[in-house]
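Residue-level listing of the chains:
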Amino acid sequence: MADVAVELVLRSTRVITPEGTRAASVAVAGGKIAAVLAYEAEVPAGARLEDFGDDVLLPGLVDTHVHVNDPGRTEWEGFWTATRAAAAGGITTMLDMPLNSLPPTTTVDNLRVKQEVARAKAHVDVGFWGGALPDNVKDLAPLHDAGVYGFKCFLSPSGVDEFPELDQEQLATSLAEITGFGGLLIVHAEDPHHLDAAPVVPGPKYADFLASRPRDAENTAIGNLIAQAERLNARVHVLHLSSSDALPLIAAAKAEGVKITVESCPHYLTLTAEEVPDGASEFKCCPPIREAANQDLLWDALADGTIDCIVSDHSPSTADLKTDDFSTAWGGISSLQLGLPAIWTEARRRGRTLEDVVRWMSAAPAALAGLAQKGAIAVGRDADFAVLAPEETFTVDPAELHHRNQVTAYAGKTLHGVVKSTWLRGARIADHGTPTEPTGLLLERQN
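Everything numeric here is computed off the predicted structure, so don't read it as measured data. Counting restarts for each chain: residues are numbered from 1 in the order of the written sequence. Selection of residues for local features in this predicted model requires a pLDDT of at least 70, selection of side-chain atom pairs for listing and counting requires 80 or more, and totals for whole chains, interfaces and linings are taken over all residues. Side-chain metrics in this entry use all non-hydrogen atoms of the structure; hydrogen atoms and water are not considered.

**Looking at the sheet that holds strand E14 (residues 309–310)**
Thinking step 1. Pairing in this open sheet of six strands is parallel, and the strands run E9-E10-E11-E12-E13-E14 from one edge to the other. Where the open sheet ends on each side, the last strands, each with one partner, are strand E9 (130–131) and E14.
Thinking step 2. Where strand E13 (residues 260–264) and E14 come together, two bridges link them in parallel fashion. Of the residues in E14, the one forming a bridge with Ser-264 is Ile-310.
Thinking step 3. Across the sheet, helix H7 (residues 215–232) is in contact with strand E11 (184–188), strand E12 (235–238) and E13; its angle to E12 comes to roughly 165 degrees. Only strands that DSSP links by at least two bridges are regarded as paired with each other. Starting at the N terminus, helices and strands are each numbered in turn, a helix being any DSSP run of H or I of at least four residues and a strand any DSSP run of E of at least two. In this description, contact between two residues means that some pair of their heavy atoms is separated by no more than 4.5 Å. Each axis is a line fitted through C-alpha atoms, taken for helices only over the stretch in contact, and angles between the N-to-C directions span 0 to 180 degrees.

Structure, rendered in C-alpha cells:
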C-alpha cells in the first residue's frame, strides 16, 4: 500500500466482502478500493479515517430497474429526485428504463437527449437500457454501440402508446438481431392472450384486479421466451417475476443451459395480496402483488438461485393517477429509497443474512448488466458503499422520501435497517438520509 496514495480508510467491525463478513479497514485511493486490510491496520499518513463502529459497511446497491420518466413526464419523477432517493437508500448505481420518458430510449438520438438531461442531475451513477419495438430493429445495433446495457421489450401492452409490445414473430426478429451482436434482451413477460381473456371488473376491490392479471399470463410468456432463447442461444432476462408457478420452468431452463436470468422486486417479496386494502392503488403494479403462499416460493427461489437478483422496478406517477379504481389507476410501486430496509426486514425474519441481501441487490444486478467495477468490496472496484445499522428500525413517513411524488405502498410500515450514509467513489453522497450535491457519472456498457 506504500506506493498507493490512500486518501481515505473506512473501518467497521462488519464489512461484507465476497469472502464473507469480517472486521476490516477498507483503503480508498483515486475513487477505487485500494486494499481491504485488517481492522487494526495503521492508517496511512495523510489519509482520513471514517470509523463506523458496529454499523455494517456493504457495497453500494445496484438497481437495474428504475423508471425515471425524464424528460417528458418529469412531473412523475426526474433524474434529480430519483437519484436523490437512490442515494438516501444506499443505491450507488442505477439503470434507467427506456419508457415513460418522452422520447423513449429507442434510437441513439433519443439516448443522447436523455443523457443530456441526466448529466448535471445525477446523484448516483446512471446507465441506460435501450428499447426494442416492432419498428426499431435497425436501431438496436447502433444503440448497443452507443453504450446501452441491453434492450427492454414488452410482450403485452406497456401502458404508454409510444412503447408498443412485440408479438412472437417480432420477438424472434429482435432477439435474433440482439443475439447477433452479443446483447441482452430484458422482458416484461405477460402473455396478451391470457390478459385479454381475463375478467376486468372496474372498481376498488384488489381481488378483482388480481384476477385480471392471472399467473398463466406470466407462465405462458416465460415459457415462450425460454423456447425462443433456447432456439437462438440468446441471453434473456425476465423482469419483475411475480408468479411462483413459473419457477419450475425457469429452473429447468437454467439446468439445460438456457441463458436466462430472473429478477424479482421488494413489493413481491414483502407485500401480499391479502394485506392490500380496497381502493389502495399505491399497491397496484403489473404483474401484481400475489398471495403470501406465492411469496414463500419466491423466497425459496432466491435461496436456491432460480431468481438471481432483487431490483426496485421503481415506477412512480403523479398522485392523481393513483385513483381508487384498480382497473384504471396507474400501475407502479415507488420504492427506490426503501428497497434495502424492506428486503432486509423480510430477509431477517426468514433467517437470511445481509450477505444474501448484498448478493441479490448488489453483486447479481452488477453482474447482469456487466458492471464489472461495481457490486463488491474488493480491490480495484469503485469505492461505492452503503453504511447500514441493521438492528435499528424506522417507520416509513412518505414526507421523508426524496422521490418526486411521495406515494408509497410502504407508508406506516416499521422496517429494520437504517441507511446511515452512502458513498460513491470514496465521496459521501448521502448522510442520514440527506443527499449532497450531484456527483454521479453517466455510465456506458464497456464490454
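After presenting the structure, the write-up continues.
**Some thoughts on the packing of aromatic side chains**
Thinking step 1. Any pair of Phe, Tyr and Trp rings, taking the six-membered ring for Trp, is counted once the centres come within 6.5 Å. Such a pair is stacked with planes under 30 degrees apart, edge-to-face with planes over 60 apart, and tilted for the rest. Under the definition given, this model contains nine aromatic pairs.
Thinking step 2. When the ring of Phe-151 is compared with that of Phe-181, the centres are 6.0 Å apart and the planes differ by 65 degrees; the resulting orientation is edge-to-face. With a gap of 30 residues between them, Phe-151 in strand E10 (residues 151–154) and Phe-181 in the loop between helix H4 (168–180) and E11 connect regions that are remote in the sequence.
Thinking step 3. Members of the aromatic cluster, each reached through a chain of ring pairs, are Tyr-206, Phe-209 and Phe-326.
Thinking step 4. The criterion is that NZ of a Lys, or CZ of an Arg, lies within 6 Å of the ring centre and within 35 degrees of the ring normal, and then a charge sits over that ring. Over the face of the ring belonging to Tyr-39 we find Arg-11, whose NZ or CZ atom lies 5.5 Å from the ring centre.
Thinking step 5. In this arrangement the basic side chain of Arg-73 is found over the ring face of Trp-76, its NZ or CZ atom lying 5.4 Å from the centre.

**Quick notes on the pairing of E13**
Remember that side chains alternate between the two faces of the sheet whenever the strand is regular.
Thinking step 1. The cut-offs for exposure are 20% and 50% of the maximum accessible area for each residue type, with area from a 1.4 Å probe on protein chains only; residues under the lower value are buried, those over the upper are exposed, and the others partly exposed. In terms of residue burial, E13 counts as a mostly covered element, since four of its five residues are buried.
Thinking step 2. Pairing of E12 with E13, which is carried by three bridges, proceeds in the parallel orientation. Bridged to Val-236 within E13 is Ile-260.
Thinking step 3. Handedness of the E12-helix H8 (residues 247–255)-E13 crossover: right-handed. Crossover handedness is defined by viewing with both strands directed away from the observer: a clockwise path from the first strand over the helix to the second marks the crossover as right-handed.

**Focus: the side chain of Ser-244**
Thinking step 1. The residue Ser-244 is located in the loop between E12 and H8 in this model.
Thinking step 2. Here Ser-244 falls in the buried class, since its relative accessible area comes to 6%.
Thinking step 3. Two N or O atoms form a polar contact when they lie within 3.5 Å of each other; inside protein one atom must be a possible hydrogen donor and the other a possible acceptor, and for residues adjacent in sequence the pair counts only when both atoms belong to side chains. Engagement of the side chain of Ser-244 in a polar contact is seen with the side chain of Arg-215, the distance being 3.4 Å.
Thinking step 4. Those residues in contact with Ser-244, other than ones at most four positions away along the chain, are Arg-215, Asn-294, Leu-297 and Leu-298.

**A look at helix H10 (residues 292–304)**
Thinking step 1. Given a helix with a known number of residues, its expected span is that number minus one, times 1.5 Å. Its 13 residues give H10 an end-to-end C-alpha distance of 19 Å, which sits within 8% of 18 Å, the value for a rise of 1.5 Å per residue.
Thinking step 2. Listed in full, the buried residues belonging to H10 are Asn-294, Gln-295, Leu-298, Trp-299, Ala-301 and Leu-302. An end-on view of H10 places all buried positions within 160 degrees of arc, on one side of the element. Every exposed residue of H10 that faces more than 90 degrees away from the buried side is listed here: Ala-293 and Asp-304.
Thinking step 3. Gly-305 sits one or two residues past H10 and shows a positive phi near 90 degrees. Directions drawn from the helix axis to the C-beta atoms are what define this arc.

**Re the nonpolar core**
Thinking step 1. One finds Met-94, Leu-185 and Leu-241 to be the most contacted residues of the largest nonpolar core, which totals 94 residues.
Thinking step 2. Excluding its chain neighbours within four sequence positions, the residues that come into contact with Leu-241 are Glu-218, Ile-222, Ala-246, Leu-247, Ile-250, Val-262, Glu-263, Ser-264, Tyr-268, Leu-298 and Ile-307.
Thinking step 3. We define the nonpolar core as a collection of buried residues of types Ala, Val, Leu, Ile, Met, Phe, Trp, Tyr and Cys that are connected through side-chain atoms lying within 4.5 Å of one another. Listed in part, the 20 residues of the second largest apolar core include Leu-99, Trp-129, Ala-369 and Leu-371.

**Overview of the environment of Leu-442**
Thinking step 1. Examined against the element boundaries, Leu-442 turns out to sit in the segment after strand E18 (434–435).
Thinking step 2. The class for Leu-442 is partly exposed, based on a relative accessible area of 21%.
Thinking step 3. As for Leu-442 and His-194, which are separated by 248 residues in sequence, their C-alpha atoms are 39 Å apart.
Thinking step 4. Discounting chain neighbours no more than four positions away, the residues touching Leu-442 are Gln-115, Ala-118, Arg-119, Val-126 and Phe-128.

**A closer look at the sheet that holds strand E8 (residues 125–128)**
Thinking step 1. In spatial order, the strands read E6-E7-E8; together these three strands make up an open sheet with parallel pairing. In the strand order of this sheet, the two ends are held by strand E6 (61–66) and E8, each with one partner. Sheet twist, expressed as the average angle between the axes of neighbouring strands with direction ignored, equals 20 degrees.
Thinking step 2. As defined by bridge partners, E6 adjoins strand E7 (residues 91–96) across four bridges and the pair is classed as parallel. Paired with Leu-61 across the two strands is Ile-91, which belongs to E7.
Thinking step 3. On top of the sheet, helix H1 (residues 79–88) reaches E7 and E8; it is set at about 140 degrees to E7, its chief contact.
Thinking step 4. The strands touched by helix H12 (residues 354–369) are E6 and E7; relative to E6, the strand with the most contacts, the crossing angle is about 55 degrees.

**Here's the deal with unusual backbone geometry**
Thinking step 1. With an omega of 0 degrees, the peptide bond running from Asp-70 to Pro-71 counts as cis.
Thinking step 2. The topology assignment puts Pro-71 in the loop between E6 and H1.
Thinking step 3. Geometrically, the link from Cys-286 to Pro-287 is a cis peptide bond, its omega value of -5 degrees lying close to zero.
Thinking step 4. Within the element layout of this structure, Pro-287 appears in the loop between helix H9 (266–270) and H10.
Thinking step 5. Unlike most non-glycine residues, Asn-69 shows phi in positive territory, near 65 degrees.
Thinking step 6. Within the element layout of this structure, Asn-69 appears in the loop between E6 and H1.
Thinking step 7. Residue class for Asn-69 comes out buried when judged on its relative accessible area of 1%.
Thinking step 8. The phi torsion at Arg-425 lies on the positive side, around 50 degrees, for a residue other than glycine.
Thinking step 9. Its place among the elements puts Arg-425 in the loop between strand E16 (414–424) and strand E17 (427–431).
Thinking step 10. Residue class for Arg-425 comes out partly exposed when judged on its relative accessible area of 24%.

Any functional reading would require information that these geometric values do not contain.
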